[in-house]
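# An overview of the molecular structure
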Amino acid sequence: MRLAADQGYAPAQHCVGQSYHLGWGLLQDHSEGARWFRLAAKQGDANAQNDLAACYFHGAGVPCDASEGARLLRLAAEKGHALAELKLGVLLFAGEPVAGRVLPAAPGE
């Protein structure tokens, strides 16, 4: 897996990121996990975009940055990533600004 990740294969980079982030067979290291997620996310890997978004929302290995988390969720959701679509929908429903969009309040609110 690591060889494929080192050679730039995005799904393998995502798996290595998960291994570091969750401590699967490696010493848990959120910063290193986020670094691998970022490499895969830059190549358009929706799973990595979703996981890196979670890192930004929780400040796990990266500075807490809800705007960047929302941006990454949007990218993953646009690719049809179901969990990212759900998370993005929850943010929008709650009225959180997401890439300049906010859902209007329900009538009577």
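Anything mentioned here points back to the structure above.
Presented here is an overview of the structure given in this document. Fair warning: this is a prediction, and the values are worked out from it, not measured in the lab. (Residues numbered from 1 in each chain as written. Predicted model: local features only at pLDDT ≥ 70, side-chain atom pairs only at ≥ 80, totals over all residues. Heavy atoms only, no water.)

### Things to note about the overall build of the protein chain
The helix and strand inventory of the protein chain stands at six helices and zero strands. Within the protein chain, the proportion of its 109 residues that are buried is 39%. For the protein chain, restricting intrachain contacts to residue pairs at least 6 apart in sequence, the fraction spanning at least 24 positions comes to 36%. Counting every atom, the protein chain has about 6300 Å² of accessible surface; 58% of that belongs to carbon and sulfur. (Helix = DSSP H or I, 4+ residues; strand = E, 2+ residues; numbered from the N terminus. Buried < 20%, exposed > 50% of the residue type's maximum accessible area, 1.4 Å probe, protein only. Contact = heavy atoms within 4.5 Å. Areas by Shrake-Rupley, 256 points an atom, 1.4 Å probe, with all protein chains shown as cover.)

### Points about the packing of aromatic side chains
Evaluation of the coordinates by the stated rule reveals zero aromatic pairs. Looking at arginine 35, its charged tip hangs above the ring of tryptophan 36, at a distance of 4.8 Å from the centre. (Phe/Tyr/Trp six-rings, centres within 6.5 Å; stacked < 30°, edge-to-face > 60°. Lys NZ or Arg CZ within 6 Å of the ring centre and 35° of its normal.)

### With respect to the pattern of salt bridges
A pair can form between side chains of opposite charge whenever their charged atoms are brought close. Under the definition given, this model contains three salt bridges. The residue glutamate 68 makes a salt bridge to arginine 71 at a minimum N-O spacing of 2.7 Å. Taken together, the residues glutamate 68 and arginine 71, both in helix H5 (residues 66-78) and three residues apart, mark about one turn of the helix. Residue classification places arginine 71 among the partly exposed residues on the basis of a relative accessible area of 42%. (Salt bridge = Lys/Arg side-chain N within 4 Å of Asp/Glu carboxyl O.)

### A short note on a nonpolar patch on the surface
On the surface, Leu83, Leu86 and Val90 cluster together into a nonpolar patch covering about 280 Å² of accessible area. Tracing the chain through its elements places valine 90 in helix H6 (residues 82-93). The exposed category is assigned to valine 90, whose relative accessible area is 52%. (Patch = residues over 30% accessible without salt bridge, like charges linked within 9 Å, V, L, I, M, F, W, Y side chains within 5 Å.)

### Here's the deal with helix H2 (residues 10-22)
A rise of 1.5 Å per residue sets the reference length of H2, with its 13 residues, at 18 Å; its end C-alpha atoms lie 18 Å apart and thus fit the reference within 8%. Those residues of H2 that fall on the buried side of the exposure criterion are Ala10, Ala12, Gln13, His14, Val16, Gly17, Ser19, Tyr20 and His21. Its buried side turned inward, H2 meets helix H1 (2-6), helix H3 (30-42) and helix H4 (46-58). Residue glycine 23 follows H2 closely and has a positive phi angle near 75°. (Expected span 1.5 Å × (residues − 1).)

### Concerning the side chain of histidine 21
In this fold, histidine 21 is placed in helix H2. The contacts of histidine 21, once residues within four sequence positions are left out, are Gln28, Asp29, His30, Gly33, Phe37, Cys55 and Ala60.

### Quick look at the environment of leucine 83
Relative to the helices and strands, leucine 83 is located in helix H6. Leucine 83 gets classed as partly exposed once you look at its relative accessible area, which sits at 42%.

All we've got here are geometric facts, nothing functional implied.
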